[in-house]
Amino acid sequence: MRIYQLYSVLNGENHYTTYVGTDREVAFSSGGNNSRIRVWIHGTYVEDYSYESGKWALIHDRTKEIEEGFERMKEDEEKTQQRLENIRKALADYEQMFAVLKAE
């Protein structure tokens, strides 16, 4: 679920939130000069829009950044699973070797 935060920028860095909710149309129709919209998904913001020259413009899109992070996590998980499998095989070989030595 996407959450839209409409806020106005004051003095270059302070902001005043005027709308927070799930209705995209309300967020984008309520803004004016010096307004911005931040789009949140599961507690992470993914897009920033700014109201410029009478229209909304995308100023920051973190979607690709988040997708790349997800891919890195997936690759890390695959490497970890491979390492665990190697450890399991080595342990099984060790146990087999130990059983043979014990039987002698």
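Preceding this paragraph is the structure being described.
(A) Focus on the pairing of strand S5 (residues 55-61). Here strand S4 (residues 44-52) runs beside S5; their pairing, made up of six bridges, is antiparallel. Within S5, the position partnered with Glu-47 by the bridge is Asp-61. Hairpin remark: S4 followed by S5, antiparallel, with two residues in the connecting loop; positive phi at Ser-53, about 50 degrees.

(B) Molecular detail of the environment of His-42. Checked against the element boundaries, His-42 lands in the loop between strand S3 (35-41) and S4. A residue is classified by how much of its surface remains accessible, and His-42, at 71% relative accessible area, is exposed. Residues His-42 and Ile-3, spaced 39 residues apart in sequence, show a C-alpha to C-alpha distance of 8.5 Å.

(C) Representation of the side chain of Gln-5 within the structure. Following the sequence through the fold, Gln-5 ends up in strand S1 (residues 2-10). A residue is classified by how much of its surface remains accessible, and Gln-5, at 13% relative accessible area, is buried. A distance of 3.2 Å separates the side chain of Gln-5 from the side chain of Trp-40, its partner in a polar contact. Ignoring anything within four residues of it in the chain, the contact list for Gln-5 reads His-15, Thr-17, Tyr-19, Val-20, Arg-36, Ile-37, Arg-38 and Trp-40.

(D) Main features of the packing of aromatic side chains. Within this structure, the stated rule accounts for six aromatic pairs. Here Tyr-4 and Phe-28 contribute two aromatic rings whose centre-to-centre distance is 6.3 Å and whose plane-to-plane angle is 70 degrees, an arrangement assigned as edge-to-face. Placement of Tyr-4 in strand S1 and of Phe-28 in helix H1 (residues 24-30) is noted, with a sequence separation of 24 residues between them. Like Phe-28, Tyr-4 is buried. Sitting above the plane of the Tyr-45 ring, Arg-62 keeps its charged end 4.7 Å from the centroid.

What counts as what
Residues numbered from 1 in each chain as written. Predicted model: local features only at pLDDT ≥ 70, side-chain atom pairs only at ≥ 80, totals over all residues. Heavy atoms only, no water. Pairing = 2+ DSSP bridges. Helix = DSSP H or I, 4+ residues; strand = E, 2+ residues; numbered from the N terminus. Buried < 20%, exposed > 50% of the residue type's maximum accessible area, 1.4 Å probe, protein only. Polar contact = N/O pair within 3.5 Å; in protein donor to acceptor, adjacent residues only side chain to side chain. Contact = heavy atoms within 4.5 Å. Phe/Tyr/Trp six-rings, centres within 6.5 Å; stacked < 30°, edge-to-face > 60°. Lys NZ or Arg CZ within 6 Å of the ring centre and 35° of its normal.

Geometry only, nothing functional implied.
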